[in-house]
Amino acid sequence: MTTPLLLETSAVAKAFGAVVALRAVDLRVRPGEVHALLGANGAGKSTLVKILTGVLRADAGAIAIHGRPVALRRPADAQGHGLAPVFQDPAMAPDLSVAENLRLTRVDVPAVRRHLSDMDLGQLDLGEQVRDVPLPFLRMLDLARALAFDPQLLVLDEITAALPPDLSERVFAVMRRWKERDRAVLFISHRLAEVRAHCDMCTVLRDGRDVASFVPAEGGEGQIVAAMLGEAATVVREEARTRSATAVDVGDTALLEARNIGAGRHLEDVSLAVRAGEVLGLAALEGQGQDVLFDVLSGNRKADRGELVVDGVTVKAHHPFDVIRRGVVLVPSDRLQALLPQRSIRENIAAPLFNRVTRWGPINGREEGRRIDEAVQRLSIDTRAASQVRRLSGGNQQKVTIARWLARGLKVMLLFDPTRGIDVGTKHQVYDLVRALADEGAAIVMFTSELREIGLVCDRSAVLHNGRIVAELPADAGESALLRAAHGLETVPA
Amino acid sequence: MTTVEPTVPGSYDGFATSLPTPTSRWSRLARRQGWTAGVAALLAVLLVWRVSQLPKFGAFEIRTITAGTMTLALLAMAQGVIVISGGIDLSVGSMMVFGNCLSALWMPDRGLAGCLLVAVAVIAITAALATLIGAIITASGVPDIIVTLAASFVLAGMALWVLDAPRSGVSADFQRLVAGRLDNPWPSVLWIGGVLLVLWLPLRRSRLGLAIYALGSDRKAAFLSGVQIAWTRVLAYTAGGVFSGCAGVALTASTGGGGPLASTGTTATLNSVAAVVLGGVALTGGIGGLVGPVLAALCLTLIPAIMLGLGWDPSNAETARGVIIILVVAVAGLLQLRRTRPS
């Protein structure tokens, strides 16, 4: 423990309004080390990276580089202290050429070229407009730009997620080179095999805290997964709400069926079916195509390949209304995107009722009121702040997004991470509601970033990885099986 | 490319990613200059049409077009640089009228040198005012469209303080130097080209120019690249103020005086937005240049002239102008969409 630390953070904390992203994180990176930063979705990895690179300012805590405390207020500060990041999204203006973007950052362009040819990418044309460069090569350009600053600590945020394997190998070669020079790399990846093969040390974040630090090659994937899940893994699943024997029979035909759906690079070949009375859980790490899949299912985006079948009828959806009128409704994760934040609960719930443009004449006030009251009561929505939906709590807002579809009637409900950022009590109300809807004969597809919800609410699950369904598991498969599948590791059949 | 030995078991099957094929020189040129070339072609058609309407086409007729367009062309540059940075300025027209009134107040009874000195002072003042507007937008967080709309009212009022009635009597030498004589169109052409060459080209090539484009293209990427977002926004407005001031001085030279008419400013602002859009600057920012808007300004002055030449009622000519703007922008937008969408 005599080697001085290259980077040390102590009790770094950050909150966004009421949402606490980082509670207290201690991270220690030694020179000559490739250090992995791990954690489940929402554990705080990206926030920590943004703080280390000067994009965000920490609310509390201290950061020291080579033993000296530093203040990182701007990306330029971090650069000045020898921290160079490669972000998840390419940091290049799309309408400028690559060369112009390089000039903008005051980077030494010959050095960028040198690093590119070291990675066997010397022929890349820097005169190309960024818009025309495929994403994997933009990541490599970003990497070469970061290397040209000759940083002490190279921060790679999910760089391999968008890279084909041979380009990933070139990134690993760079990491080895950096290590040999007694510099360091902070490596963030969801791919545990890469972490095992290339990282000397790892720190696992959970709920905004660092919960474990160990050598990944020794502990193995089991230890990593256990640290990421923490005690949650051992909690007894006494409140599981899987379909009871008394519920309606699951029909023979699927209410919603996706057949070989493909869309751009994000979705390869996704097939799934949900029948009446069934809750299908969808599990995936961030950025595996789940948002695109939900866009396709909800008619928000046209699939390039494959077909969508609702209740036995093939649907060519050009607009969300095309699927909504067949009873397929979406509850998105961003509640304010679905709601009219400045309007009342009443108007929000009523809005989808007026979607049938073929029906003319004034609004039937009494009928409207009846349906709304029913929905509000059923979801026990707190109506004290009824005049403006944006003043409701997150949980109550989520209930309103669900209530508006209840008032209209539905066959299939698509829920995208419905409990993100809402309190435990309301979460359980949402689980009960989802179950009740299924028991009444609705088919439900629910994506969740909290794997334990699959065991709590769903009847079975599908796991999405790299735009494909890589596993279909029973509800009681357990979180570690889900997590392994979500990381693209093969699962042991239950 | 060479193959690499896999280090992660099972992750790598020897598949080698090929380098992207570079876009051809031709398509790169088409993307960068395509719209400007299109506007130039439209301008050529309109010019031929206009020439064929007139019994005689000589220096006088050319001068009528160029001197009449000069102010709009300069104002389109002002709007253009701000729109490229991702903003909008509804006060450019009022700023021009304000500069016009200031120079009409100070220029009479002065010789050529005095007038030129006044012109420089007026441009400096409009640049300072525009900087203030930009700073208010950046510091207050109030949307640019609101701040500049309010600023346009303030500037219209200030123009009335400066000059409560139209005033003339600006040195004829100065008028000739900027707007040319009745049979000499070249000064106006040279001034438009000169401002593009002396002010815009160096700015476009500078780091600030790059930062303005980056800001309009993707604000987050610009921030992550170390661009000083706030400063760049403010300086884009400063550049706009310089061009608006030029337009004000040009208006003084071409009319021989100035007047505090608020509607002049409002109309000019709306025309500048039309010229910018027709000239290929994307309202979302980051795309386009200032040559396109200048050519578009010429088109916008020619269209009503042609309609009048056809014997149309002036109100119909206005309608035709609006329809042409929508058609041209819609068709050009569709063409661009087809080019950028991969098959």
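These numbers were taken from a predicted model, which means no experiment stands behind them.

### Focus on the overall build of chain A
Part 1 of the reasoning: Scanning chain A from N- to C-terminus turns up 17 helices and 20 strands.
Part 2 of the reasoning: A burial count over chain A gives 49% of its 494 residues as buried.
Part 3 of the reasoning: Across chain A, the fraction of contacts at a sequence separation of at least 24, relative to all contacts at a separation of at least 6, is 68%.

### Looking at the overall build of chain B
Part 1 of the reasoning: What chain B contains, in helices and strands, is 13 helices and two strands.
Part 2 of the reasoning: By its C-alpha atoms, chain B is 85 × 50 × 35 Å across when sized along the principal axes.
Part 3 of the reasoning: In chain B, which comprises 343 residues, the proportion classed as buried is 44%.
Part 4 of the reasoning: Relative to all contacts within chain B whose residues are 6 or more apart in sequence, the contacts with residues 24 or more apart total 79%.

### Some thoughts on helix H1 (residues 25–53) of chain B
All names here are of chain B.
Part 1 of the reasoning: Over its 29 residues, H1 extends 40 Å from the first C-alpha to the last, a length consistent with the 42 Å expected when each residue adds 1.5 Å.
Part 2 of the reasoning: The largest bend along H1 measures about 60 degrees and falls at Gln33.
Part 3 of the reasoning: Taken together, the buried positions of H1 are Trp35, Thr36, Val39 and Leu42.

### Thoughts on the pairing of strand E13 (residues 279–284) of chain A
All names here are of chain A.
Part 1 of the reasoning: For E13, the buried fraction is high: six of the six residues fall into the buried class.
Part 2 of the reasoning: Side chains Val279, Gly281 and Ala283 of E13 all project onto a buried face; the interleaved residues Leu280, Leu282 and Ala284 project onto the opposite face, where all are buried too.
Part 3 of the reasoning: Pairing of E13 with strand E18 (residues 443–448) involves five bridges; the strand directions are parallel. The residue of E18 that forms the bridge with Ala283 is Thr448.

### Overview of unusual backbone geometry
All names here are of chain A.
Part 1 of the reasoning: Here the phi dihedral of Ala11 falls at roughly 50 degrees; this positive angle occurs in a residue that is not glycine.
Part 2 of the reasoning: Relative to the helices and strands, Ala11 resides in strand E1 (residues 7–16).
Part 3 of the reasoning: According to the C-beta neighbour criterion, Ala11 is partly exposed, with 14 such atoms within 10 Å.
Part 4 of the reasoning: Located in the positive-phi region is Asp182, a residue other than glycine, with phi close to 70 degrees.

### Here we look at the interface of chain B and chain A
Accessible area lost during the coming together of the parts is what is often quoted as the interface size.
Part 1 of the reasoning: Across the boundary between the two partners, chain B contributes 32 residues, which contact 37 residues of chain A.
Part 2 of the reasoning: Elements with a minimum of two residues in the side of chain B that touches chain A: helix H8 (207–217) and helix H9 (219–224) of chain B.
Part 3 of the reasoning: Among the elements that line the side of chain B that touches chain A, the one with the most residues is H8 of chain B, at six residues.
Part 4 of the reasoning: In the side of chain B that touches chain A, the residues fall into 20 nonpolar, nine polar and three charged.

### Points about helix H4 (residues 109–118) of chain A
Residue and element names in this part refer to chain A.
Part 1 of the reasoning: Every buried residue belonging to H4 is among Val112, His115 and Leu116, and all of these are buried. Buried residues of H4, seen end-on, are gathered within an arc of 105 degrees and therefore sit on one face of the element.
Part 2 of the reasoning: Looking at the buried side of H4, the elements it contacts are helix H3 (98–104) and helix H5 (135–148).
Part 3 of the reasoning: Looking one or two residues beyond H4, the residue adopting positive phi is Asp120, at roughly 65 degrees.

### Side note on the environment of Asp108 of chain A
Part 1 of the reasoning: Residue placement: Asp108 of chain A occurs in the loop between H3 and H4.
Part 2 of the reasoning: As for Asp108 of chain A and Ala93 of chain A, which are separated by 15 residues in sequence, their C-alpha atoms are 18 Å apart.

### Comments concerning the environment of Val309 of chain A
Residues and elements named next belong to chain A.
Part 1 of the reasoning: Tracing the backbone shows Val309 in strand E14 (residues 305–310).
Part 2 of the reasoning: The spacing of Val309 and Leu272 is 37 residues in sequence and 10 Å in space, taken between C-alpha atoms.
Part 3 of the reasoning: Sequence-distant contacts of Val309, defined by excluding residues within four places in its chain, comprise Glu257, Arg259, Thr314 and Val315.

### What to know about the nonpolar core
Part 1 of the reasoning: Ranked by internal contacts, the top residues of the largest apolar core, which has 252 residues, are Leu414 and Ile444 of chain A.
Part 2 of the reasoning: Looking at this core, the element that brings in the most residues is helix H2 (residues 59–84) of chain B, giving 13 residues.
Part 3 of the reasoning: Here this core spans two domains, and each of domain 1 (7–234) and domain 2 (254–486) of chain A adds at least three residues to it.
Part 4 of the reasoning: For Ile444 of chain A, the contacting residues outside a window of four places in its chain are Val274, Val279, Leu280, Met413, Leu415, Val434, Leu437 and Ala438 of chain A.

### Examining the packing of helix H11 (residues 262–278) of chain B against helix H12 (residues 291–309) of chain B
Residue and element names in this part refer to chain B.
Part 1 of the reasoning: Between H11 and H12, the shortest axis-to-axis distance is 7 Å and the interhelical angle comes to 120 degrees. On the basis of the axis angle, H11 is oblique to H12. Both H11 and H12 take part in a crossing whose hand is right-handed. Contact residues: Asn271, Ala274, Ala275, Val276 and Leu278 in H11; Pro293, Ala296, Ala297, Cys299 and Leu300 in H12.

### Observations concerning the confidence of the model for chain A
Residue and element names in this part refer to chain A.
Part 1 of the reasoning: Overall, the predicted model of chain A reaches an average pLDDT of 83, with 90% of residues at or above 70.
Part 2 of the reasoning: Considering each helix and strand of chain A separately, the mean pLDDT is smallest for helix H11 (residues 335–338), with a value of 76, and largest for strand E8 (residues 184–188), with 94.
Part 3 of the reasoning: Low pLDDT, under 50, characterises residues 232–238; the predicted model gives this stretch six contacts beyond four residues in sequence or across chains.
Part 4 of the reasoning: Taken as a whole, residues 244–248 scores under 50 in pLDDT and shows five contacts with residues more than four places along the chain or in a different chain.

### Comments concerning the pairing of strand E12 (residues 267–275) of chain A
All names here are of chain A.
Part 1 of the reasoning: In the sheet, strand E11 (residues 254–263) pairs with E12 via six bridges, with the strands oriented antiparallel. When the sheet's bridge partners are listed, Ala263 is paired in E12 with Leu267.
Part 2 of the reasoning: The antiparallel pairing of E11 with E12 creates a hairpin that spans three residues between the two strands, and Gly264 there sits at a positive phi of about 55 degrees.

### Considerations on the packing of helix H6 (residues 172–179) of chain B against helix H7 (residues 186–205) of chain B
Residues and elements named next belong to chain B.
Part 1 of the reasoning: Two elements in contact, H6 and H7, have axes separated by 5 Å at closest approach and are oriented at 65 degrees. For the pair H6 and H7, contact is made by Leu177, Val178 and Ala179 and by Pro187, Ser188 and Trp191, respectively.
Part 2 of the reasoning: Among the residues forming the contact of H6 with H7, the class breakdown is five nonpolar, one polar and no charged.

### Looking at the environment of Val189 of chain B
Part 1 of the reasoning: As for its placement among the helices and strands, Val189 of chain B is situated in helix H7.
Part 2 of the reasoning: Distance in space between the C-alpha atoms of Val189 of chain B and Arg63 of chain B is 8.8 Å, their sequence separation being 126 residues.

### Observations regarding the confidence of the model for chain B
Residue and element names in this part refer to chain B.
Part 1 of the reasoning: On average, residues of chain B score 87 in pLDDT, and 92% of them are at 70 or above.
Part 2 of the reasoning: Considering each helix and strand of chain B separately, the mean pLDDT is smallest for helix H13 (residues 314–340), with a value of 77, and largest for helix H4 (residues 112–140), with 96.
Part 3 of the reasoning: The ipTM assigned to the predicted complex is 0.81, against a pTM of 0.76.

How each quantity is defined
Residues numbered from 1 in each chain as written. Chains lettered and ligands numbered in written order. Predicted model: local features only at pLDDT ≥ 70, side-chain atom pairs only at ≥ 80, totals over all residues. Helix = DSSP H or I, 4+ residues; strand = E, 2+ residues; numbered from the N terminus. Buried ≥ 20, exposed ≤ 12 C-beta atoms within 10 Å, placed from the backbone. Contact = placed C-beta atoms within 7 Å. Expected span 1.5 Å × (residues − 1). Bend = angle between axes of the 7 residues up to and from the residue. Pairing = 2+ DSSP bridges. Nonpolar A, V, L, I, M, F, W, Y, C, P; charged D, E, K, R; others polar. Arc of directions from axis to C-beta. Core = buried A, V, L, I, M, F, W, Y, C linked by C-beta atoms within 7 Å. Domains from an automatic or database assignment. Axes fitted to C-alpha atoms, helices over the stretch in contact; angles between N-to-C directions. Parallel < 35°, antiparallel > 145°, perpendicular 65-115°, else oblique. Left-handed = near helix turned anticlockwise from the far one by under 90°. pLDDT = per-residue confidence, 0-100.

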